Protein chains: 4
Amino acid sequence: MSSVLKLGELSVSVFGESHGGGIGCVIDGLPSGVTLDTDAILSFMARRAPKKDGMSTARSEADTPEILSGFFNGKTTGTPLTAVIRNTDTRSQDYSNISAAARPGHADYTGFVRYEGANDPRGGGHFSGRLTAPLVFAGAVCGQILSKRGIESCAHILAIDGVYDDSFDTLSISSELMNSVKTQEMPVINESVAGKMRERVKLAASELDSVGGIVECAVTGLPAGIGSPMFDGLENRISQAVFGIPAVKAVAFGKGFGFAEMRGSEANDEMYVENGTVKTRTNNNGGIYGGISGGMPILFTAAIRPTPSIAKPQNTVDFIKNENTGLVIKGRHDACIVPRAVPVVEAAANIAILSFLL
Amino acid sequence: MSSVLKLGELSVSVFGESHGGGIGCVIDGLPSGVTLDTDAILSFMARRAPKKDGMSTARSEADTPEILSGFFNGKTTGTPLTAVIRNTDTRSQDYSNISAAARPGHADYTGFVRYEGANDPRGGGHFSGRLTAPLVFAGAVCGQILSKRGIESCAHILAIDGVYDDSFDTLSISSELMNSVKTQEMPVINESVAGKMRERVKLAASELDSVGGIVECAVTGLPAGIGSPMFDGLENRISQAVFGIPAVKAVAFGKGFGFAEMRGSEANDEMYVENGTVKTRTNNNGGIYGGISGGMPILFTAAIRPTPSIAKPQNTVDFIKNENTGLVIKGRHDACIVPRAVPVVEAAANIAILSFLL
Amino acid sequence: MSSVLKLGELSVSVFGESHGGGIGCVIDGLPSGVTLDTDAILSFMARRAPKKDGMSTARSEADTPEILSGFFNGKTTGTPLTAVIRNTDTRSQDYSNISAAARPGHADYTGFVRYEGANDPRGGGHFSGRLTAPLVFAGAVCGQILSKRGIESCAHILAIDGVYDDSFDTLSISSELMNSVKTQEMPVINESVAGKMRERVKLAASELDSVGGIVECAVTGLPAGIGSPMFDGLENRISQAVFGIPAVKAVAFGKGFGFAEMRGSEANDEMYVENGTVKTRTNNNGGIYGGISGGMPILFTAAIRPTPSIAKPQNTVDFIKNENTGLVIKGRHDACIVPRAVPVVEAAANIAILSFLL
Amino acid sequence: MSSVLKLGELSVSVFGESHGGGIGCVIDGLPSGVTLDTDAILSFMARRAPKKDGMSTARSEADTPEILSGFFNGKTTGTPLTAVIRNTDTRSQDYSNISAAARPGHADYTGFVRYEGANDPRGGGHFSGRLTAPLVFAGAVCGQILSKRGIESCAHILAIDGVYDDSFDTLSISSELMNSVKTQEMPVINESVAGKMRERVKLAASELDSVGGIVECAVTGLPAGIGSPMFDGLENRISQAVFGIPAVKAVAFGKGFGFAEMRGSEANDEMYVENGTVKTRTNNNGGIYGGISGGMPILFTAAIRPTPSIAKPQNTVDFIKNENTGLVIKGRHDACIVPRAVPVVEAAANIAILSFLL
């Protein structure tokens, strides 16, 4: 059971291959009677769409989900909500030369071994980044439900190729900031870094290469006491969901690896009461203690590896002949998927957070 | 269901509180007929024991597990394997003054809210680091089963308070190195850093403070093709298990956040065939592509936050009176838990890896 | 998570409403590389189609599943296999008069309470027997995989309205018999009872009423040693799947309730060795001991309640006005769904059995 | 994962072997802060104890559970609640002669194959009916929590060897009746049948044989709207739990197999409103429609097969030599376990019902 994100009583079963008939998801366990704004779902999904200005692949997918079930009279029914996205612009000939030459960094070889050669290899098949579209759909739905409960989430580009945006200051984060970030083509807090990031991406592209980065995500409005110790807490569920995004290679809460250079007196978030509410003067722990929310915003980061598909010639193996070979990847590929990963990380967070509130 | 680590068909149900009757675990789903070396289990667990030389708490727990079920004639039966560790040295008076004054960085407040005041607060109760003992037991059992299949794991201290050990070179890692690391009081690869790490810990302790660090773990011998895409792959299961360790705040595979400053041409692990086996010339992805093993060793790191319990006076809240208060934590506390976290991370990895092989 | 049949590592997520856009399922966890005969899938599904000769509803659904994912070059890919069946012939006006008048025996009222009035009530919505079509699809797929491993299943009508067919004699059951039963419009072993059953159904229909019955299912070829004790054995998984069929109200293995009038000396299946294989001289326990197969065929029965939708006037409640009312159900309804339930029970068994062999 | 009863967010992990160190369970997912009456737990467990008057085995187990965790200051903590019951009276020599001669009707052979000979065979090991003691413990705990929410359950002997008790009349069932039934050594509604049942058991025992029966269980106070359609409804969860009891071979809701001889007009439970509450004039469906409660009591039955251990000489196989052999079972065995199964069925129901209310 690889592609079902089962978190408590919420289940998101994602299906499809990049160049098959379609992709989609079944969301089981949603509350009933919640009005969904389908335009807002499309807007959320549009944030994942290929970027203009030469930064993304030229593939233009309408990627409009058809809701097949679980939605009636504008509201969730509480029974499984299903969305299907047809694959339309599938120029599979672009991929015809890479059949058995494993693209390094991709799952071509591991998928071949795992599925004994039977998986659909076209465009990465089920391993394709395209499978994040239904994940974003599910996250958009969950986000709307969270929003009605006063919980908001927002992700942004924390870094691309060594160019860093500011971090969210979760002591003062506002809805205005979050909404503003979401509208940007390059979603950052400090807009002055967007240009530098673009330059890094274009430079890499011009050198037939790609770059990686970091996405940071904040969740506000989650009350204290949500989560559980040990294996089913906020960190476990968020990381299980976020590691479901193909390019993610690390997940960190609060200061994350920065704790390795901190003292306890600094890392401990000093607590105080203000207007009857317990708060902390810092939020180094990303709002989570013992797997449970403390009432401050949740903050985490996810490392996004550079796009494996690069135009540079690469050495690799032919996994059928089991011999060395060379490879030049053709076709359409983003030199940096970090901007498009932003709503995906946010979507994964939405699913994980909602799973605790059902 | 907070304290059941359910990974595929393997389930580890951990129970207990720091100062209750006992702690332990039930492991369901183990293969039958595997000979277990109970002395080796105790040796593994001893690696988690408090460290000598003033680095750890003075609490001396025998921590000898009693195997209650699932073990017959020296072998696993295949039915649930249960171990109970009695709590014996529980000086609960040491904790008597901290009842409602939340220890910053701990789960005192979040646990109070989550369980509406009913959880056992003594020594952190179910949130205590002591609960990692049964996790280590389970990991020791799983490790022996993996070992019979040619799979070995080893964790070490990658960093303490800014002092860094070498990383595992997974292109050349040997059993000898792994076995050697495991025997050390301060498990490091470059033994010359151990002294500096100790100094940092002692300095922090002398200043009534604590320090954090990083644990790195390698797993060798895992064949290619193990794992799954999306939500139930190697990264998902390993992170779900490792985030079950109370102090862990980040989990990274391969270069992790380092990918944010890498190019694709660098990050992609060049593949080649040697003696009929597919290998890679680098292992930046920690041996995992699309959630599935590629045949090279698995490599990941976990950030360990500084021990929240410090002797320095701290400002905090009384969560019953809901007012500000001061706190001086007494009792026995490690100024650095990173050395003791090393076998715990390794144990969590063992459980996660074995779950794929059943 | 109501509509995901999760059995071990196999997951079947069923979705849809009777009169919505479509219904279908996502099957996650199938083995890769298994050739599927899509015509045979359609044939299996056709066994569930409405019966001729006035016994079934006039609704004619093509019910042709579109396979959207997980199937490539005629084989399973090992990644999620998805089928969608469009709803085409949905005369929702037929149902217009039953909005808030609960149909007795149906889930109209319980669904209304459960989903706080937000579920799609048209034609029973997600509670409709139509949702068994994707279940049959999944069971047909699983059945083909089982068949390649020498495992065959067959269900038949054991009883309709007090007219009983013979039971399978699992000591001598043959593929020929099973294949023959599957081809019949009224699938029975003793064909002489089919006519009597038809008469009972027609009589009930003529009296604006309906009748119930029993489906019996045998599974041959399952080797000894499959299953587990306690909560995840053959009986647990089969019953969890079979109770997923809306009309099923009881599941019994072997002699089932007949054990209440048996002696142990009679109920115990005497064991013997024949040609090196352990067999039993009777199969009262339906081939299962301690949740585990013993090598003899599996045998179980499922009680099918009479169709709740009858044309007779009924007293009931208006669950919105919360007052008594009368009801005459119009529209198309089977006076007996037992014949159509036969392949559904077989399908559920196939899924449950396959889940143990992955 | 065979011995974890995972129902929604509630998990009961049962462990132990009949003649090992001990048996017990870990209950994860309980609400916090619920006062538990430990004497009442012991009383509930005592209902499962061997019966006086020669009807049960002479084995006298104190069977007193030690609560190791999850219970503090008389209340549930919300963290895992663990109970251990030591095995004390284990005369394993009684079983010495049955090592490889499979006891017909038992799991000796299937367990041997399943676990490749490594399972603990003494007294049935993990397959022993003794494992129902921790299940009863868990059910007693869950029952107390249900009781505080106005939900009561009660099981009784519906039949032993063809002698039938009255069924619960769920239209008029009272707490007084339920409490009265629970106090009886032979828990029946119509006390006049108890004597006849005893006679049947004694007769069978005198003939070195055993008898089976039926347990019926009612649950009152469950409001309408609890449960879910398809695979995770009341019937699915109750049956999954109840089939976890070794001797259970069938589970039926309401009229169960009786539906096979009913008309829809009769089977449909006519609905009406009384004092603003929806009720039904009959309860043929056992209070469940579409997997969801309708507000009337839940009613189900479970078939209990005759004790496989009989003193009569039996033909069987030696599963190590793989040859025919004879067997005379010595030791202590109930000629009828139905009376002792009564609280076990009730316990399983309690766990299943509570799982929906967390």
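Values in this document were obtained by computation on a predicted structure and should not be read as measured data. (Residues numbered from 1 in each chain as written. Chains lettered and ligands numbered in written order. Predicted model: local features only at pLDDT ≥ 70, side-chain atom pairs only at ≥ 80, totals over all residues. Heavy atoms only, no water.)

### Some thoughts on the overall build of chain A
For the record, the criterion: A helix here means a DSSP run of H or I that spans at least four residues, while a strand means a run of E at least two residues long, and both kinds are numbered starting from the N terminus. Buried means the residue's accessible area, taken with a 1.4 Å probe over protein chains only, is under 20% of the maximum for its type, while exposed means over 50%, and partly exposed covers the values in between. Should any heavy atoms of two residues lie within 4.5 Å, those residues are considered in contact. Areas reported here follow the Shrake-Rupley algorithm with a probe of radius 1.4 Å; residue values treat only the protein chains shown as occluding. As used throughout, the charge tally considers Lys and Arg to be positive and Asp and Glu to be negative, leaving His and the chain termini uncounted. Here the site of a charge means atom NZ of a Lys, CZ of an Arg, CG of an Asp or CD of a Glu.
Broken down by element type, chain A carries eight helices and 18 strands. With the principal axes as the frame, chain A shows a C-alpha extent of 65 × 50 × 35 Å. Taking all 358 residues of chain A together, the buried fraction comes to 67%. Put simply, of all contacts in chain A between residues at least 6 apart along the chain, 73% involve residues at least 24 apart. Accessible surface, chain A as shown: approximately 10,800 Å² in total, 48% of it carbon and sulfur. Seen as two clouds, the 32 positive and the 37 negative side-chain charges of chain A have centres 3 Å apart.

### Considering the relation of the copies chain D and chain C
Formally: Alignment of copies: least-squares fit on C-alpha atoms of residues with pLDDT of at least 70 in both copies.
With an RMSD of 0.0 Å, the operation that places chain D on chain C is a rotation of 180° combined with a shift of 0.0 Å along the axis. Accordingly, the operation relating the two chain copies is best matched by a two-fold axis. Of the interface residues in chain D, 100% have counterparts in chain C that sit at the interface too, so the contact is made through matching surfaces.

### Considerations on helix 8 (residues 338-355) of chain A
In plain terms, the rule: Helix span, as expected, comes to 1.5 Å for every residue beyond the first.
With 18 residues, helix 8 of chain A ought to run about 26 Å at 1.5 Å a step, and its terminal C-alpha atoms sit 26 Å apart, in line with that. Buried residues dominate helix 8 of chain A, accounting for 18 of its 18 residues.

### Here we look at the environment of K196(C)
All names here are of chain C. In this structure, K196 sits in helix 5 (residues 192-206). Owing to a relative accessible area of 47%, K196 belongs among the partly exposed residues under this scheme. Here the alpha-carbon distance between K196 and Y164, two residues 32 residues apart in the chain, equals 9.4 Å.

### Looking at the relation of the copies chain A and chain B
Between chain A and chain B, the superposition needs a rotation of 180° and an axial shift of 0.0 Å, giving an RMSD of 0.0 Å. Looking at chain A, 100% of its interface residues are interface residues in chain B too, so the copies touch through the same face.

### Topic: the pairing of strand 1 (residues 4-7) of chain C
All names here are of chain C. This is how it is decided: Should DSSP find at least two bridges between two strands, the strands are taken to pair.
By the bridge criterion, four bridges tie strand 1 to strand 2 (residues 10-16) in an arrangement that is antiparallel. If you follow L5 over to strand 2, its bridge partner there is V12. In textbook terms, the turn of a hairpin is the stretch between consecutive antiparallel strands, and for strand 1 and strand 2 this stretch comprises two residues, one of which, G8, has a positive phi near 60°.

### Thoughts on helix 1 (residues 38-46) of chain D
Residue and element names in this part refer to chain D. Selection rule: Arc definition: it is the arc formed by the directions from the helix axis to the C-beta atoms. In protein, a polar contact requires one atom able to donate a hydrogen and another able to accept it; more generally it is a pair of N or O atoms within 3.5 Å, and residues adjacent in sequence count only if both atoms are side-chain atoms.
Here helix 1 has its buried residues at I41, F44 and M45. When helix 1 is viewed along its axis, its buried side chains cluster within an angular range of 95° and face the same direction. Those residues of helix 1 that are buried are in contact with strand 7 (81-86), helix 3 (132-147) and helix 8 (338-355). By the N-cap criterion, in which a side-chain oxygen at the helix start approaches the backbone nitrogen of a residue two or three places on, helix 1 is capped by D37, the distance to D39 being 3.0 Å.

### Digging into the sheet that holds strand 16 (residues 298-304) of chain B
Here is the rule: Orientation is described by lines fitted to C-alpha atoms, with helices fitted over the stretch in contact, and by angles between N-to-C directions that extend from 0 to 180 degrees.
Across the sheet, ten strands lie side by side as 9(A)-8(A)-10(A)-16(A)-11(A)-11(B)-16(B)-10(B)-8(B)-9(B); this open sheet has antiparallel pairing. At either margin of the open sheet sits one strand with a lone partner, and together these are strand 9 (163-164) of chain A together with strand 9 (163-164) of chain B. As paired elements, strand 8 (residues 152-160) of chain A and strand 10 (residues 213-220) of chain A share eight bridges and run antiparallel to each other. Bridging from a neighbouring strand, I157(A) pairs with V215(A) of strand 10 of chain A. Against the sheet, helix 6 (residues 234-242) of chain A touches strand 11 (248-253) and strand 16 (298-304) of chain A together with strand 11 (248-253) of chain B, its axis set at about 160° to strand 11 of chain A.

### Points about the interface of chain A and chain B
The criterion, for reference: By convention, the term buried area covers the 1.4 Å-probe accessible surface removed from two parts as they join, with the contributions of both added. Whenever a carboxyl oxygen of Asp or Glu lies within 4 Å of a side-chain nitrogen of Lys or Arg, that contact is scored as a salt bridge. Each residue receives one of three labels: charged for Asp, Glu, Lys and Arg, nonpolar for Ala, Val, Leu, Ile, Met, Phe, Trp, Tyr, Cys and Pro, and polar for the others, Gly being one of them.
Taken together, the 97 residues of chain A in the interface contact 98 residues of chain B. Roughly 7,800 Å² is buried in total at the junction of chain A and chain B, and carbon and sulfur atoms are behind 59% of that figure. Seen at the junction of chain A and chain B, the total is six salt bridges. A salt bridge links K249(A) to E235(B); the nearest nitrogen and oxygen atoms lie 2.8 Å apart. Scanning the region where chain A abuts chain B turns up 51 residue pairs in polar contact (both at pLDDT 80 or more). When its residues are assigned to classes, the side of chain A that touches chain B shows 49 nonpolar, 34 polar and 14 charged.

### Focus on the packing of helix 3 (residues 132-147) of chain A against helix 8 of chain A
All names here are of chain A. Here is the rule we go by: To sort the angles, those under 35 degrees are grouped as roughly parallel, those over 145 as roughly antiparallel, those from 65 to 115 as roughly perpendicular, and the leftovers as oblique. For a crossing to be left-handed, the near helix must be turned anticlockwise from the far one by less than a right angle; the clockwise case is right-handed.
Two elements in contact, helix 3 and helix 8, have axes separated by 7 Å at closest approach and are oriented at 50°. On the basis of the axis angle, helix 3 is oblique to helix 8. Crossing of helix 3 against helix 8: the hand is left-handed. Residues T132, L135, V136, A138, G139, C142, G143, I145 and L146 of helix 3 form the contact with helix 8, whose participating residues are P343, V344, A347, N350, I351, I353 and L354. Partitioned by chemical class, the residues of the contact of helix 3 with helix 8 number twelve nonpolar, four polar and no charged.

### Describing unusual backbone geometry
Backbone geometry places L208(A), a non-glycine residue, at a positive phi of 60°. Of the residues examined, L208(A) reaches a relative accessible area of 40% and is grouped as partly exposed. The phi torsion at E116(B) lies on the positive side, around 50°, for a residue other than glycine. Take E116(B): it is sitting in the loop between helix 2 (108-114) and helix 3 (132-148). Classification of E116(B) as exposed rests on a relative accessible area of 66%.

### Thoughts on the interface of chain D and chain C
Taken together, the contacts link 97 residues of chain D with 97 residues of chain C. Among the residues of chain D in contact with chain C, F231(D), K249(D) and R263(D) are the three that bury the most area, contributing 11% of the side total. Top contributing element to the side of chain D that touches chain C by residue count: strand 11 (residues 248-253) of chain D, with six residues. Pairing analysis gives three bridges linking strand 11 (residues 248-253) of chain C to strand 11 of chain D, with the strands arranged antiparallel. Looking across to strand 11 of chain D, one finds that A252(C) is bridged to A250(D).

### A short note on the packing of helix 1 (residues 38-47) of chain A against helix 3 of chain A
Residues and elements named next belong to chain A. For the pair helix 1 and helix 3, the least separation of the axes is 9 Å and the interaxial angle reads 135°. Considering the angle they form, helix 1 stands oblique to helix 3. Judged by the sense of rotation from one axis to the other, the crossing of helix 1 with helix 3 is right-handed. In this structure, helix 1 contributes A40, I41, F44 and M45 to the contact, and helix 3 contributes A133, V136, F137, G139, A140, V141 and Q144. The residue inventory of the contact of helix 1 with helix 3, partitioned by class, reads nine nonpolar, two polar and no charged.

### Quick notes on the confidence of the model for chain A
Threshold: pLDDT expresses how confident the predictor is about each individual residue, on a scale running from 0 to 100.
When pLDDT is averaged along chain A, the result is 94, and 94% of the positions lie at 70 or above. Taken over the whole predicted complex, pTM reads 0.97, whereas the ipTM for its chain interfaces reads 0.96.

### Focus on the packing of aromatic side chains
Cut-off, in case you're wondering: A pair of aromatic rings is counted whenever rings of Phe, Tyr or Trp (Trp by its six-membered ring) have centres within 6.5 Å, and the orientation is called stacked for planes under 30 degrees apart, edge-to-face for over 60 and tilted otherwise.
Taken as a whole and judged by the stated rule, the model has 18 aromatic pairs over all chains. Ring centres 4.5 Å apart and planes at 40° place the aromatic pair F112(A) and F319(A) in the tilted group. With F112(A) in helix 2 (residues 108-114) and F319(A) in the loop between strand 17 (314-318) and strand 18 (323-327), this residue pair connects regions lying 207 residues apart in the sequence. Looking at F112(A), the relative accessible area reads 25%, which means it is partly exposed. Seen from their ring centres, F257(A) and F257(B) are 6.0 Å apart, and the 70° between their planes marks the pair as edge-to-face. One end of the pair, F257(A), is in the loop between strand 11 and helix 7 (264-267); the other, F257(B), is in the loop between strand 11 and helix 7 (264-267), on a second chain. Residue F257(B) is classed as buried on the basis of its relative accessible area, which comes to 18%. Clustering of aromatic rings is evident, with ring pairs tying together F243(A), F253(B) and F300(B).

### Some thoughts on the sheet that holds strand 2 (residues 10-16) of chain D
Residue and element names in this part refer to chain D. Strand order in the open sheet made by the five strands is 1-2-3-7-4, with antiparallel pairing throughout. Of all strands in the sheet, those bounded by a partner on one side alone are strand 1 (4-7) and strand 4 (66-69). Mean inter-strand twist for the sheet, computed between neighbouring axes without regard to direction, equals 15°. Taken together, the six bridges between strand 2 and strand 3 (residues 22-28) define a ladder with antiparallel strand orientation. Note on strand 3: the bridge partner recorded for F15 is G24. The strands that helix 8 touches are strand 1 and strand 2; relative to strand 1, the one it contacts most, it runs at about 35°.

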